[in-house]
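The residues making up each chain are set out below.
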Amino acid sequence: MTLRRLVTLLLLVAVVLLPFNYGVGENVNPTGYPVVDEPITIHIAVKRDVNTDRKSLNDIEYLQEINERTGVHVIWDEYSSTEYAEKINLMFVGGSVPDAFFGEGLNDMDILSNLDYFIPLNDLIENYAPNIQACFEKEPEIRKVITSADGNIYSLFRVRQSYFPNTLDMMAINQKWLDRLELSMPTTTEEFYEVLKAFKEKDPNGNGLQDEIPLINMHQMGNTNISEAWVFPCFGVYDNTSYSELTYHLMMQDGKTLFTPAQEGYKEALRYLNRLYSEGLLDQEIFTTTPDVVTAKLMDTNDIVGTFCAWTISNGVGYDRMDDFTQLLPLEGPNGDKGWTVISDIEIGRNMFAITSSNPYPEATMRWIDEFYSLDTTIQTFYGPYGIMTEKQDDGTVIAFEPPEGTTYGTWRWGNTPADSACYACFKEIEDFLTPAKQQYDRAVYQDAIEEWLQPEENRYPNLSFTIEQIDELKTLVPDLNTFVETKRAKFVTEGFTDSDWDEYLQQLNAMGLERALEIWDAAYSNYNGV
């Protein structure tokens, strides 16, 4: 046994024998402030690109106030997004880890492959985290999402429900073009086809050139937001490729996992996309373009785009032209199907905070991080610090300010807070007393408009945990499946395909281990639901 493993084992024994006193428990107050009688210092690793627009977390005042209130002095060890993965891998290999990890950057594999370095948080939550316990009571799903397959909790969470969508980007259509061509708003895939055809052929921007792009999408594995993913629910299936590559393309039906790219509805959706592509109605660069190129086309002063997907209309074409576009609601397919894909792990995310076995103050650290799930800290983390980005009124209501002129809301938010890369509990009820900035409000309006067509809960593959063995096996199967699906999607959309081509495609998926992957996904789902 290595020295490091021996020390880790002794620490774990101490945890078992002394659940309320990890060797320094006498310095921790289970309730009230300060958290510790004698101030302590801990180091926390975080992925953060510090620059002229983005403050160091060490310099953010409301975080400093938490340190002062609790007596837990945090030194933030910040690593850029380009170096973070390499840095933490070196930490695990070298055996020198910080006291905790905070924010986005860790994944299930990082933790399960290095369990010697992470301590279970179950008892600490029970004894030192009343805010987290309150979150469990309010939203029981949280506990399920953060509980590993072995029953332990190794990391904490974030909740994004208030003025934050759980779906793909919204879809917008050029209302000015519709009006000029005297066209009605399309409601079906066939009507949409006819509108796109008119956009291409009838010079709706009026410049005498056939320079219009009726529909612009950008295919990007790992990001379904501005892609062609809007089309699949029109044909009865949902295709989600956000966040974890091990669960790309999954949906549920009658309690069983389906791999969307092997379904008949997916096949028909590709046929529809090929129809649009082959007639020049869909951007011909869909599989080769970049975000910068898409932005340039959307912002072109010649008004060349008819339909697009974006976070908001103003994000796509700017505030000056946003009134020229209208939200396009989900379209009904040939069999009456209509829907909008939900990204299952966007509301409740795990791996936002983990305490390591190197930490001599786990109880105090748990009490410190529990502060982030309080209402005031949640608001300041998600919407911005009081007095800078938000204002708390005497009656308890909160008003979010608009960003300074020349600054985007996102840049301003990430510059003054940990933003989405943090722990917080932003529940829906916050909307009852908080007035958001315009960009967040606009996105909420778009979300509300499609609420009735959101992917049903029973059709969503949940944000669950796999065992280390399941992860290892999925990693031998899924990347190749995903790559094959990517290649064939591009080919089928741009070149078309026959029924024979489709049958060969399905045979190849099965030869590559799809059936075994489905067995693993089903087993993990059953474990998640306690079946």
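Above: the structure in question.
Q: Is there a simple way to think about the sheet that holds strand β12 (residues 390–392) in this case?
A: Hydrogen bonds between backbone groups are what pair the strands of a sheet, and the pairing can be parallel or antiparallel. Read from one edge of the open sheet, three strands run β12-β13-β15, paired in mixed fashion. Among the strands making up the open sheet, the edge pair consists of β12 and β15 (434–435).

Q: How should the pattern of salt bridges be read in this particular structure?
A: Pairing between side chains becomes possible if they bear opposite charge and their charged atoms approach one another. Enumeration according to the criterion identifies 27 salt bridges in this entry. Where Asp239 meets Arg489, a salt bridge forms, and the shortest distance between an N and an O atom there is 2.5 Å. Taken together, the residues Asp239 in the loop between β6 (213–216) and β7 (250–253) and Arg489 in helix α17 (residues 468–495) connect sequence positions 250 residues apart. The same class applies to Asp239 and to Arg489, which are both buried. For Glu431, the salt bridge identified is with Lys428, shortest N-O distance 3.2 Å.

Q: When you look at the nonpolar core in this model, what are you seeing that I'm missing?
A: Within soluble globular proteins, side chains that are nonpolar generally end up buried alongside one another. Membership of the largest hydrophobic core comes to 133 residues, with the highest contact counts inside it found for Met366 and Trp521. It is α17 that provides the largest number of residues to this core, a total of nine residues. In this structure, Trp521 is in contact with Leu246, Leu250, Thr257, Phe259, Tyr461, Phe466, Leu474, Val478 and Leu514, ignoring residues within four places of it in sequence. Ala172, Ile216, Phe308 and Met322 belong to the second-largest nonpolar core, a separate cluster that totals 17 residues.

Q: Before we go on, may I ask you to explain the sheet that holds strand β3 (residues 100–102) in this structure?
A: Pairing in this open sheet of six strands is mixed, and the strands run β2-β1-β3-β11-β4-β14 from one edge to the other. This sheet does not close on itself; its edge strands, each paired only once, are β2 (72–79) and β14 (424–426). Taking the axes of each pair of neighbouring strands and ignoring which way they run, one obtains an average angle of 30 degrees across the sheet.

Q: Before we go on, may I ask you to explain empty space enclosed by the protein in this structure?
A: Empty space left among the atoms is revealed by rolling a probe the size of a water molecule over them. Per the counting criterion, the structure on display carries two cavities of 30 Å³ or more. Of the volumes computed, that of the largest cavity is approximately 90 Å³. Surrounding the largest cavity, Asp108, Ile111, Leu112, Ile146, Ser148, Tyr154, Ser155, Arg350, Asn351, Ser465 and Phe466 form its lining. Every element with two or more residues in the lining of the largest cavity is listed here: α4 (108–112) and β11 (348–355).

Q: Sorry if this is basic, but what is going on with the layout of surface pockets here?
A: Taken as a whole, the second largest pocket spans an internal volume of roughly 410 Å³. Glu141, Ser344, Glu457, Arg460 and Pro462 are, among the 20 residues lining the second largest pocket, the residues nearest its centre. Among the elements of the structure, α7 (141–146) and α19 (514–528) are those that each provide at least two residues to the lining of the second largest pocket. At three residues, the largest contribution of residues to the lining of the second largest pocket is made by α7. Taken together, the residues of the lining of the second largest pocket break down into seven nonpolar, six polar and seven charged.

Q: Looking at this structure, how should I read the packing of aromatic side chains?
A: In this description, an aromatic ring pair is defined by two values, namely the gap between the centres and the angle between the planes. A complete count under the given rule lists 31 aromatic pairs for this structure. Ring pairing ties together the aromatic residues Phe232, Tyr266, Phe484, Phe492, Phe497, Trp502 and Tyr505, which thus form one cluster. The positively charged end of Lys138 is found above the aromatic ring belonging to Phe427, 5.5 Å away from the centroid.

Q: What exactly am I supposed to notice about the side chain of Ser155 here?
A: Mapped onto the fold, Ser155 is located in the loop between α7 and β4 (156–160). At 2.9 Å, the side chain of Ser155 forms a polar contact with the backbone nitrogen of Asn351. Sequence-distant contacts of Ser155, defined by excluding residues within four places in its chain, comprise Ile111, Leu121, Ile146, Arg350, Asn351 and Phe353.

What counts, and at which threshold
Residues numbered from 1 in each chain as written. Predicted model: local features only at pLDDT ≥ 70, side-chain atom pairs only at ≥ 80, totals over all residues. Heavy atoms only, no water. Pairing = 2+ DSSP bridges. Helix = DSSP H or I, 4+ residues; strand = E, 2+ residues; numbered from the N terminus. Salt bridge = Lys/Arg side-chain N within 4 Å of Asp/Glu carboxyl O. Buried < 20%, exposed > 50% of the residue type's maximum accessible area, 1.4 Å probe, protein only. Core = buried A, V, L, I, M, F, W, Y, C linked by side-chain atoms within 4.5 Å. Contact = heavy atoms within 4.5 Å. Axes fitted to C-alpha atoms, helices over the stretch in contact; angles between N-to-C directions. 1 Å grid on protein atoms, 1.4 Å probe; cavity = no way out; pocket = protein on both sides within 12 Å on 5 of 7 lines; lining within 4 Å. Points joined across faces, edges and corners; volume = space filled by probe spheres on them. Nonpolar A, V, L, I, M, F, W, Y, C, P; charged D, E, K, R; others polar. Phe/Tyr/Trp six-rings, centres within 6.5 Å; stacked < 30°, edge-to-face > 60°. Lys NZ or Arg CZ within 6 Å of the ring centre and 35° of its normal. Polar contact = N/O pair within 3.5 Å; in protein donor to acceptor, adjacent residues only side chain to side chain.

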